[in-house]
Amino acid sequence: MAATSELRASLTDPNLLREAAWIDGAWVSTTTTEEVVDPASERVIANVDQVDKREVTRAVAAASKAGPGWRAKLAHERSDMLHRLHDLMLEHAEDLAHIMTREQGKPLTEARGEIRYAAGFVRWFAEQALRVYGETIPSPKPGARILVMKQAVGVVAAITPWNFPLAMIARKLAPALAAGCTVIVKPAPETPLSALALAELTRRAGFPRGVVNVVTGESAMIGKVLTDSPEVRKISFTGSTAVGKLLMQQSAATVKRVSLELGGNAPFIVFDDSDMTAALDGLMASKFRNAGQTCVCANRIFIHRSVYEPFAAALIERVQALRVGAGTDEGSEQGPLIHQRAVEKVEEHLAQALAAGATLRCGGARHSLGGSFFQPTVLTNVRPDMQIARDETFGPVAPLIAFDSEDEVIELANATEYGLAAYVYTRDLGRAFRMSEALEYGMVGVNQGMISTPVAPFGGVKQSGLGREGSHFGLDEFLEVKYVMMGGI
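Computed from a predicted structure; not experimentally measured.

Engineer: What exactly am I supposed to notice about the overall build of the protein chain here?
Structural biologist: Counting its secondary structure elements, the protein chain contains 16 helices and 22 strands. A compact globule built from 489 residues should have a C-alpha radius of gyration of about 23 Å, and the protein chain, at 23 Å, falls within 12% of that. Its C-alpha atoms put the protein chain at 70 × 65 × 40 Å along the principal axes. For the protein chain, buried positions account for 56% of its 489 residues. Long-range contacts, defined as pairs at least 24 residues apart, comprise 73% of the intrachain contacts of the protein chain with a sequence gap of at least 6.

What follows is the structure in structure tokens.
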């Protein structure tokens, strides 16, 4: 159609724009399609094929059949293939960024950064593929030896969200492939084009048929087929806590390994001894990146009462200077939200907070650009009992809450069922250690607003999930430990 032709014509390599599912080393077209909409223009940019249960089952069978051959490859062979994929991602980074911006809405500068970040996971796990080490244990019996080895889990289903269409796949796909697993990727229906472009690059990198599969279609149906299948040995999911609980429940019948990276309600804590410029820099990056649509986004901003008003004034000045526009516009710093439902959620949280006594200091309404654009917003006089401080807003709204003491802010920060990321700004070394240990979160950034990196374990506690992505811990998520007792030696 015309919209697809327009996007394809804008790419240096038009073959990266794919609309069919990728199953068993072939592009699979169907009679049913779903529109992919550019959040900035609200125009259809592609029509992606929707697979049925039969095709999902075929993808599982293909991954299962390809498993033994992929596991049997030497570690350096899997490593070399991942290195080729990394190089292809960087070679085509500009096209990948344009595809991502058009389907997701984030500014091109952020999309380019995400491509580099995603490629970093592929490179990291290409190297980790060479380091799947076992061990020997001193035997309690004469003439016996104890060996411990690590082996691939098997077929992995990776279910990913729309906010980081390529990075969330890379964080799952790369370690699974490095470990010797085969993979079925189910991308979000809002952003399938990035996943399909990556599938094309895995084809060019030489991955054998069936090793990587990408299925596009109705989420609940695909999820149920994947969780019901005994051939799928692991589910790795990033998304809402509600869906994560459902997948965990559905996986119980076949006792699958499950990794879940779920919702967050991140506290961002600024003490009176902080470097205020650094704290403002960190907050802008944490809160307004991707229009506030990140799982580690600062959702509750706790400011020490003695610096509350000066900090609020400086933040408002920065927020009002943000340039809102389509992600493809030169200089755009905040794009649209993903769709109208996201805008309505932001409006609901704002309305409740204002009705309960919060003060609107800037923004607070849909942007004049229309569509799903929303003004960057700052609220003061926010209380911890307001909905905006209890639920994840997932939008460009910064609610500021005053606090008086270290003990008080620890209690407030931990008063949530979530425990993904937290941020603390202080120049007191003792306080930095105390806060890091007391906060019930899987990750804590001390004087850092951007904490994600391939070399560190990403993940949460409480109802923010199970397991870790990145680092050598991320590789272990796709490996089983086998103990061998060898006698008669």
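Still more ground to cover, so stick around.
Engineer: What should I look at first to understand the packing of aromatic side chains in this one?
Structural biologist: The relation between two aromatic rings is expressed through the spacing of the ring centres and the mutual angle of the planes. All chains considered together, the criterion is met by seven aromatic pairs. Seen in terms of ring centroids, Trp22 and Trp27 are 4.6 Å apart; in terms of plane orientation they differ by 50°. Their pairing is tilted. Owing to a relative accessible area of 6%, Trp22 belongs among the buried residues under this scheme. Geometrically, the ring pair formed by Tyr117 and Phe121 is edge-to-face, given 5.0 Å between the ring centres and 90° between the ring planes.

Engineer: I keep staring at the layout of surface pockets and nothing clicks. Help me out?
Structural biologist: Where empty space is left can be seen by rolling a probe of water-molecule size over the atoms. Of the volumes computed, that of the largest pocket is approximately 970 Å³. If you go around the largest pocket, you meet 39 residues; those closest to its centre are Trp162, Phe237, Gly239, Ser240 and Val243. When contributions to the lining of the largest pocket are tallied by element, the ones reaching two or more residues are helix H8 (219–228), strand E10 (232–238), helix H9 (241–251) and helix H12 (340–355). In terms of residue count, the dominant contributor to the lining of the largest pocket is H9 (six residues).

Engineer: Sorry, what's going on with the nonpolar core here?
Structural biologist: Where a protein is soluble and globular, its nonpolar side chains tend to be buried together. If you look at the biggest cluster of nonpolar residues, it comprises 66 residues, and the most contacted ones within it are Met89, Leu177, Leu193 and Phe207. Dropping the residues within four chain positions of it, Met89 is found in contact with Leu96, Ile115, Ala118, Ala119, Val122, Leu166, Leu198 and Leu201.

Engineer: Got a minute to help me understand the sheet that holds strand E6 (residues 145–152) in this structure?
Structural biologist: Strands in a sheet are paired, the pairing made by backbone hydrogen bonds, and the direction either parallel or antiparallel. Reading across the sheet, the three strands line up as E5-E6-E22 and stay open at both edges, with antiparallel pairing between neighbours. Edge positions in the sheet fall to strand E5 (135–137) and strand E22 (479–486), since each has one partner strand and no second. Between one strand axis and the next, the sheet turns through 25° on average, direction left out of account. Sheet topology places E5 next to E6; three bridges connect them, and they run antiparallel. Counted as the bridge partner of Glu135 is Val148 from E6.

Engineer: Explain empty space enclosed by the protein to me, please; I cannot follow it from the model alone.
Structural biologist: Under the definition given, this model contains three cavities of 30 Å³ or more. Estimates place the volume of the largest cavity at around 100 Å³. Around the largest cavity, the lining comprises 17 residues; the ones closest to its centre are Ser259, Leu466, Gly467, Arg468 and Glu469. Counting residues per element, the ones that place at least two in the lining of the largest cavity are E10 and strand E11 (257–261). Considered as a void within the structure, the second largest cavity measures approximately 60 Å³ in volume. Glu34, Val48, Gln50, Lys186, Pro187, Ala188, Pro189, Pro192, Thr216 and Gly217 together form the lining of the second largest cavity. Grouping the constituent residues of the lining of the second largest cavity by class yields five nonpolar, three polar and two charged.

Engineer: Looking at this structure, how should I read the sheet that holds strand E12 (residues 266–270)?
Structural biologist: Taking strand neighbours across the sheet as the criterion, the seven strands line up as E14-E15-E16-E13-E12-E18-E19 in an open arrangement whose pairing is mixed. Only two strands of the sheet have a single partner each, and these edge strands are strand E14 (359–362) and strand E19 (443–446). Adjacent strand axes in the sheet meet at a mean angle of 25°, parallel and antiparallel pairs treated alike. As paired elements, strand E15 (residues 377–380) and strand E16 (residues 397–403) share three bridges and run parallel to each other. By the bridge assignment for E16, Thr377 is matched with Val397. Each of E14, E15 and E16 touches H12; the most contacted strand, E15, lies at about 25° to it. Strands in contact with helix H14 (residues 406–414) are E12, strand E13 (298–304) and E16; relative to E13, the strand with the most contacts, it is inclined by about 170°.

Engineer: Explain helix H11 (residues 308–320) to me, please; I cannot follow it from the model alone.
Structural biologist: Since the α-helix turns once every 3.6 residues, residues separated by three or four places project in the same direction. Spanning 13 residues, H11 covers 18 Å between terminal C-alpha atoms, matching the ideal 18 Å at 1.5 Å per step. Taken together, the buried positions of H11 are occupied by Tyr308, Phe311, Ala312, Leu315, Ile316 and Val319. Along the axis of H11, the buried positions cluster into a sector of 135°, meaning they face one direction only. Turned more than 90 degrees away from the buried face of H11 sit Pro310 and Glu317, all of them exposed. Elements that come into contact with the buried residues of H11 comprise E12, helix H10 (276–288), E13, E14, E15 and E16.

Engineer: Quick question: what am I supposed to make of the pattern of salt bridges here?
Structural biologist: Between side chains of opposite charge, pairing is possible as soon as their charged atoms come close. In this structure the tally under the stated criterion is 29 salt bridges. The closest approach of N and O atoms between Arg431 and Glu406, which form a salt bridge, is 3.2 Å. One end of the pair, Arg431, is in helix H15 (residues 429–438); the other, Glu406, is in helix H14, with 25 residues separating them in the sequence. Residue Arg431 shares its accessibility class with Glu406, and that shared class is buried. It is possible to trace a salt-bridge network through shared partners that takes in Asp13, Arg18, Glu200, Arg203 and Arg204.

Engineer: For this particular structure, what's the right way to read the pairing of strand E7 (residues 155–159)?
Structural biologist: Within a regular beta strand, the side chains point alternately toward one face of the sheet and then the other, so they alternate between its two faces. Of all five residues that make up E7, five are buried, and the element is covered over most of its length. With burial as the criterion, each face of E7 is covered, one bearing Val155, Ala157 and Ile159 and the other bearing Val156 and Ala158. Taken together, the five bridges between E7 and strand E8 (residues 182–186) define a ladder with parallel strand orientation. Looking at E8, one finds that Ala158 is bridged to Val185. On the question of chirality, the crossover connecting E7 to the parallel E8 by way of helix H6 (residues 167–179) is right-handed. With five bridges connecting them, E7 and E10 associate as parallel partners. Across the sheet, residue Ile159 finds its bridge partner in E10, namely Phe237.

The rules behind the values
Residues numbered from 1 in each chain as written. Predicted model: local features only at pLDDT ≥ 70, side-chain atom pairs only at ≥ 80, totals over all residues. Heavy atoms only, no water. Helix = DSSP H or I, 4+ residues; strand = E, 2+ residues; numbered from the N terminus. Rg over C-alpha atoms; globule rule 2.2 N^0.38 Å. Buried < 20%, exposed > 50% of the residue type's maximum accessible area, 1.4 Å probe, protein only. Contact = heavy atoms within 4.5 Å. Phe/Tyr/Trp six-rings, centres within 6.5 Å; stacked < 30°, edge-to-face > 60°. 1 Å grid on protein atoms, 1.4 Å probe; cavity = no way out; pocket = protein on both sides within 12 Å on 5 of 7 lines; lining within 4 Å. Points joined across faces, edges and corners; volume = space filled by probe spheres on them. Core = buried A, V, L, I, M, F, W, Y, C linked by side-chain atoms within 4.5 Å. Pairing = 2+ DSSP bridges. Axes fitted to C-alpha atoms, helices over the stretch in contact; angles between N-to-C directions. Nonpolar A, V, L, I, M, F, W, Y, C, P; charged D, E, K, R; others polar. Expected span 1.5 Å × (residues − 1). Arc of directions from axis to C-beta. Salt bridge = Lys/Arg side-chain N within 4 Å of Asp/Glu carboxyl O. Right-handed = clockwise from strand over helix to strand, strands pointing away.

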